[in-house]
Amino acid sequence: MAWRSLDLTANLLRERGLDVVAVWSTEPDLTSPSRIVFCRWQKTTTEAERADAERFIFAPTIRHLDIWERPEGCPW
């Protein structure tokens, strides 16, 4: 599985006041229908914060991670 940093998306979420560390995709092709996007947060988030972030992340599957969570094979 390839990992790609989505810096523009992360910056947009930060500009919106969300405590995002980084946003990563598991696919190099951003149009892939099977891609998963990981949104890594600086703290434990609320449902409202997650819903707000999902308005700006265009992916079929979005996984929200607290700062200590590390999926297998992740680059951080």
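Our subject is the structure that appears above.
What counts as what
Residues numbered from 1 in each chain as written. Predicted model: local features only at pLDDT ≥ 70, side-chain atom pairs only at ≥ 80, totals over all residues. Heavy atoms only, no water. Pairing = 2+ DSSP bridges. Helix = DSSP H or I, 4+ residues; strand = E, 2+ residues; numbered from the N terminus. Contact = heavy atoms within 4.5 Å. Axes fitted to C-alpha atoms, helices over the stretch in contact; angles between N-to-C directions.

S.K.: Just to check I follow, could you spell out the sheet that holds strand 4 (residues 61-65) for this structure?
M.R.: Consider a sheet: its strands pair through backbone hydrogen bonds, and that pairing is either parallel or antiparallel. Pairing in this open sheet of 4 strands is mixed, and the strands run 1-2-3-4 from one edge to the other. Strands at the two margins of the open sheet, each flanked by one partner only, are strand 1 (4-5) and strand 4. In terms of strand pairing, strand 3 (residues 36-41) meets strand 4 through 5 bridges, oriented parallel. Counted as the bridge partner of Cys 39 is His 64 from strand 4. The sheet strands contacting helix 1 (residues 7-15) are strand 1, strand 2 (20-25) and strand 3, and the helix crosses strand 2 at an angle near 150 degrees. Along the sheet face, helix 2 (residues 47-54) touches strand 3 and strand 4 and points at about 140 degrees away from the line of strand 4.

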